[in-house]
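If you want the building blocks of each chain, they are given just below.
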Amino acid sequence: MIAQFLYGGAGILLFALGLWSLLVHAPLLRKLIALNIMGAGVFHVFIAIAHRGDALPPDPVPHALVLTGIVVAVSATALALALNSRLEQGENEPEPASSPSPGPRIHMQPALSTEPSSKGATHP
Amino acid sequence: MNRDLSLLIGILVALLAVVLLWVFHSTLALDPGQRLASLAMERLPETGVSNPVTAVLLNYRAYDTLLELGVLLAALLGIWSLGPPRPGFQRAGPALAAMVDWVVPLAILTGGYLLWVGGHAPGGAFQAGALLGAAGVIMRLAGHANAGLPSETWQRWLVVLGAGVFTLTGLLLAFTGYGFLTYPPGQAKWLILLIETAATLAIGVTLAAAYVGGRPQPTAPPPPPLVTSASAEADR
Amino acid sequence: MTTDSLILPIALPLLGALLATALPRIAPLLGVLTAALTAMSGLWLTGLVWVSGDLSIVLGGWGLPLGIGLSADGLSAALLAMSSLVGLGISVYALGYFSGSERGLHFWPLWLLLWTALNGVFLAADLFNLYVMLELLGLSAAALGALTGSRDAVSANLRYLLVGLLGSITYLLGVALIYTAYGTLDIGLLSERVEPSALVSTSLVLMTAGLALKAALFPLHFWLPPAHANAPAPVSAALSALVVKAAFYLILRLWTDLFATITDAGAAFILGALGAGAILWGSWRALRAERLKLLAAYSTVAQIGYLFLFFPLLQALPPGPARDDLFAACVLMAVTHGFAKAGFFLAAGLVQKKAGHDRIDELGGAAQSMPATTFSIALAGSALIGLPPSGSFIAKWVLMQSALETGQWWWLIVIALGTLLAAAYIFRVLSRAFGQEPTPQCFITDARAEIPALLLALASVALLGLAAGPIWSLLGFEGVQI
């Protein structure tokens, strides 16, 4: 049981670390890495609970769930990176002389200050 | 971000972690009770494969795996909708090119092995597909702008191959009276191998196409001139 | 074979999405054909549930708990009917909206994948399968929202994608904890087994929090307005009318089904209070919005709030006809909003296309030259306010009645304020539309695009208001008691 708790507990700690980093850091890449770390934490928990003592065979179901989860996480990460790279392209193309920025900042704190402005944004 | 606010978030998240750890610990101490493990092992001989994880992925919970192929496709379609890909990297030098000539066929061969071995040992469609995708990534890094992928028409058919064979098999089984994705006795092994082969190709092509990162172009753009700084490109 | 038809509303749009990916040239044709088939299969299933009661099937022939179950009860069937009709309307509208543009090519497969996931969520009976469905929903929704390619749209939908990922990972941790304790993922089996414990409460909190983020419950709604307002019109309609409903449906399912024995009044009050916050804040921001689509998006935030007001009252009422009425009213509210908001967004998209912008203050002439579209906005608006005879009028009536019965009078103030604010923001739009312009000669100017919007708005008022009874019988309850 100690082994499961250490492994699964490490997963919970990873989840918490990822959550903290996601909320605190603004650059998109850090947020994306934080989300992947959170996901890895949850996968750790699944792997830890697959083995519940030597009397029982290891449970293949959580293993399969983790494999499915990894593919889902890879897909989501790929799409997020592509959207981000599109944003950077848009940033660089109109003003090629502008200094390189550290990447778009996406605010995710549920603070009211992040309400979008209601400026007429339909015009390209 | 404001220092105080991030400290506050840190404290709250730490509290959450403590609660979760405590709950997890107290649950592990309980009797595991009824598990899926023994049932999954007991019925393993009927699944057509002897690797329990493959049995879960392609038989017990095949429906999840089908949708997971859908998720992969959704990501690729999203990437394609964002416009054409960026130009590829410059042509590899002789040392890298020689290595690529070795590594790519090896990756494809190993992928085939992993696909086959998945029936009775760790391996299977996703591992094999990941290797095919990696072969594509290596090719693009070495200057093949389209990562060795075929034309757009072929790419489109290949990326839907996995989910397509999967869904059609499922529906065919439903119409013949067995039920959606319920393999007839004795046929499971071959149906799973068929689905896995299609899925491997689809996953490999999808991953490589996602790495190329844009809608396939009718004709492969010529490689950029050698003056492009490799380090600037590698930053992407 | 009857239960096999449970798979059709999921397999058909999936197959259509695959074909539309492989054959981009005929994607619009394939898309509309698939939409018709999907809608038919969804309505057929709703009819089956109506006639013969709950349906369920375990895929793969392994039975529970090894296989993955699908099930349809009255709640699933009502939402499936909504997704079928609204989805069909959106598809017909999209055919005109995207005709001849390259974006349409990308729209169809992604939209069909989104529809697959939506129906998949409504029919799923397995907690992990729901996670995969939610991810498919989130990814295809974010990709669709970014289709315009504008900077605002891409950045808003990138945020939407990340928020969605955070929501589903949190949900998945809750699932992991449940699996640790009970060793199964099937909702039916779990609802028999769960007993009050710290672990079950923790996973309920995690799963609800993750889903509330996806349902844009105040104050977790910050991502919704920019994402919904910057998407192409058919996508906005799908996101606002259908996608947020999937997360709401799941919370309702968890609270009234899986964790029915665990939830308590305090927790339900928190959900109600957040709903109240959503109503007031969302309506206020809708009133202040300068753009029509942003107004519609904030109105979604407010309308989601109403749906969460039902939780403390459902918790307080003992099982019986009064609670059944309230539950049916909650479903009616969700479905009405689905039709009304889809109609509203589709009509707003037509106004935007015609005028080249959607700034409310400058709408005057453009809206008046499109009588059918303006009429759709007015009809959908009356359902958003909750005027009779719309479905939301009946729902709000039952809601207020239950609030009085359970002594929770404070919700009445919120409902009254929200309704006043909604009236204010809808009439603000309509007063611009009925400007001093010559009266147009013909009611409908562009049939293919205007009729779906009009029919959806009309359904929210007439179909669901005057004929709300079917929702009650679909859910297996006695008639409406007002």
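Computed from a predicted structure; not experimentally measured. (Residues numbered from 1 in each chain as written. Chains lettered and ligands numbered in written order. Predicted model: local features only at pLDDT ≥ 70, side-chain atom pairs only at ≥ 80, totals over all residues. Heavy atoms only, no water.)

*Asks:* What exactly am I supposed to notice about the overall build of chain A here?
*Replies:* Secondary structure summary: chain A contains three helices and zero strands in total. Counting from the amino terminus, helix and strand elements in chain A follow one another as α-α-α. Considering chain A as a whole, with its 124 residues, one finds that 48% of them fall into the buried category. For chain A, the proportion of contacts with a sequence separation of at least 24, taken over those separated by at least 6, is 56%. Entry remark: accessible area of chain A is about 5500 Å², with carbon and sulfur atoms responsible for 67%. (Helix = DSSP H or I, 4+ residues; strand = E, 2+ residues; numbered from the N terminus. Buried < 20%, exposed > 50% of the residue type's maximum accessible area, 1.4 Å probe, protein only. Contact = heavy atoms within 4.5 Å. Areas by Shrake-Rupley, 256 points an atom, 1.4 Å probe, with all protein chains shown as cover.)

*Asks:* In this structure, what is going on with the packing of aromatic side chains? I would like to understand it.
*Replies:* The description of an aromatic ring pair uses the distance of the two centres, along with the angle that the planes make with each other. Enumeration over the complete set of coordinates arrives at 20 aromatic pairs over all chains. For the ring pair Phe46(A) and Phe128(C), a centre distance of 6.5 Å and an interplane angle of 90° mean the geometry is edge-to-face. Here Phe46(A) is found in helix H2 (residues 28–50), whereas its partner Phe128(C) is found in helix H5 (residues 127–145) on a different chain. The pair Phe46(A) / Phe128(C) is uniform in exposure class, with both members buried. Look at Tyr93(C) and Tyr97(C): their rings are 5.7 Å apart centre to centre, the planes differ by 20°, and that puts the pair in the stacked class. Of this pair, Tyr93(C) and Tyr97(C) both sit in helix H3 (residues 74–97), four residues apart, which is roughly one turn of the helix. Using a relative accessible area of 16% as the deciding quantity, one classes Tyr97(C) as buried. (Phe/Tyr/Trp six-rings, centres within 6.5 Å; stacked < 30°, edge-to-face > 60°.)

*Asks:* Teacher, can you tell me more about the UniProt feature "transmembrane region" (unreviewed entry) in chain A here?
*Replies:* Residues and elements named next belong to chain A. Per the UniProt entry, the sites bearing "transmembrane region" (unreviewed entry) are residues 6–25, 32–51 and 63–83 in this numbering. From the first C-alpha to the last, residues 6–25 spans 28 Å; its make-up is 95% helix and 0% strand. For the annotated span residues 32–51, helix accounts for 95% and strand for 0% of the residues, and the straight-line distance between the end C-alpha atoms is 30 Å. (UniProt positions renumbered as here; feature names shortened; annotations may be inferred.)

*Asks:* I'm lost on the packing of helix H12 (residues 292–316) of chain C against helix H16 (residues 391–405) of chain C in this one. Help?
*Replies:* Packed helix pairs are characterised by how far apart their axes lie and by the angle those axes make with each other. All names here are of chain C. Contact geometry for H12 and H16: axes closest at 10 Å, N-to-C directions at 30°. Put simply, H12 runs roughly parallel to H16. Crossing of H12 against H16: the hand is left-handed. Where H12 approaches H16, its residues Tyr306, Leu309, Phe310 and Leu313 are matched on the opposing element by Ala395, Lys396, Leu399, Ser402 and Ala403. The class makeup of the residues in the contact of H12 with H16 is seven nonpolar, one polar and one charged. (Axes fitted to C-alpha atoms, helices over the stretch in contact; angles between N-to-C directions. Parallel < 35°, antiparallel > 145°, perpendicular 65-115°, else oblique. Left-handed = near helix turned anticlockwise from the far one by under 90°. Nonpolar A, V, L, I, M, F, W, Y, C, P; charged D, E, K, R; others polar.)

*Asks:* For this particular structure, what's the right way to read the interface of chain B and chain C?
*Replies:* Frequently, the measure chosen for interface size is the accessible area removed from exposure when the parts meet. At the junction of the two partners, chain B supplies 48 residues and chain C supplies 52 residues. Around 4500 Å² of area is buried between chain B and chain C when both sides are counted, 74% of it from carbon and sulfur atoms. When the buried area of chain B at its contact with chain C is split by residue, Leu36(B), Arg61(B) and Tyr63(B) rank highest and sum to 15% of it. Between chain B and chain C we count one salt bridge in total. In this structure, Asp126(C) and Arg61(B) form a salt bridge, with 2.7 Å as the shortest nitrogen-oxygen distance. (Buried area = accessible area lost by both parts, 1.4 Å probe. Salt bridge = Lys/Arg side-chain N within 4 Å of Asp/Glu carboxyl O.)

*Asks:* Where do I start with the UniProt feature "transmembrane region" (unreviewed entry) in chain B in this structure?
*Replies:* Residues and elements named next belong to chain B. As annotated by UniProt and renumbered to match this structure, "transmembrane region" (unreviewed entry) occupies residues 66–83, 95–118, 124–145, 157–178 and 190–212. Taken end to end, residues 66–83 is 83% helix and 0% strand, and its two terminal C-alpha atoms sit 27 Å from one another. With 77% helix and 0% strand, residues 124–145 has its two end C-alpha atoms placed 28 Å apart.

*Asks:* I keep staring at the interface of chain A and chain C and nothing clicks. Help me out?
*Replies:* Opposite the 45 residues of chain A that make contact, chain C presents 47 residues. Here chain A is connected to chain C by zero salt bridges. For the interface between chain A and chain C, the tally reads three residue pairs in polar contact (both at pLDDT 80 or more). For the side of chain A that touches chain C, the secondary structure elements donating two or more residues are helix H1 (2–24), H2 and helix H3 (60–92) of chain A. It is H3(A) that contributes the most residues to the side of chain A that touches chain C, 15 residues altogether. (Polar contact = N/O pair within 3.5 Å; in protein donor to acceptor, adjacent residues only side chain to side chain.)

*Asks:* Help me understand the environment of Arg103(C) in this model?
*Replies:* Residue and element names in this part refer to chain C. Relative to the helices and strands, Arg103 resides in helix H4 (residues 102–123). Distance in space between the C-alpha atoms of Arg103 and Ala39 is 24 Å, their sequence separation being 64 residues. The residues touching Arg103, leaving out its near neighbours within four places in the chain, are Phe98, Leu147, Thr148 and Pro232.

*Asks:* Could you clarify how one ought to interpret the UniProt feature "domain: Na+/H+ antiporter MnhB subunit-related protein" (unreviewed entry) in chain B in this entry?
*Replies:* The residues that UniProt annotates with the feature "domain: Na+/H+ antiporter MnhB subunit-related protein" (unreviewed entry) are residues 97–208 of chain B. Within the segment residues 97–208 of chain B, helix and strand shares are 74% and 0% respectively, and the terminal C-alpha atoms sit 19 Å apart.

*Asks:* Would you take a moment to explain the nonpolar core for this structure?
*Replies:* Considering soluble globular proteins, one finds that nonpolar side chains tend to be buried as a cluster. In terms of nonpolar packing, the biggest core is built from 297 residues, with Tyr63(B), Phe180(B), Tyr183(B), Trp111(C) and Leu127(C) touching the most fellow members. Among the elements that make up this core, the one with the highest residue count is helix H13 (residues 321–355) of chain C (20 residues). Taken domain by domain, this core gets at least three of its residues from each of domain 1 (1–30) and domain 2 (42–219) of chain B. Filtering out sequence-adjacent residues up to four positions away, Tyr183(B) remains in contact with Leu58(B), Asn59(B), Ala62(B), Phe166(B), Leu173(B), Ala188(B), Leu191(B), Ile192(B) and Ile195(B). One finds Val100(B), Ala107(B), Ala135(B) and Met139(B) within the second-largest nonpolar core, a separate group that totals six residues. (Core = buried A, V, L, I, M, F, W, Y, C linked by side-chain atoms within 4.5 Å. Domains from an automatic or database assignment.)

*Asks:* Just to check I follow, could you spell out unusual backbone geometry for this structure?
*Replies:* Trans peptide bonds make up most of the peptide bonds, and negative phi angles are found at most residues other than glycine. A cis geometry characterises the amide bond from Phe218(C) onward to Pro219(C), with omega recorded as 0°. Of note, the bond from Pro388(C) into Pro389(C) is cis; its omega dihedral lies within 30 degrees of zero at 5°. Its place among the elements puts Pro389(C) in the loop between helix H15 (371–385) and H16. Positive phi, normally seen in glycine, also occurs at Leu181(B), with a value near 60°. Relative to the assigned elements, Leu181(B) resides in the loop between helix H7 (152–175) and helix H8 (188–212). Overall, Leu181(B) belongs to the buried group, its relative accessible area being 2%.

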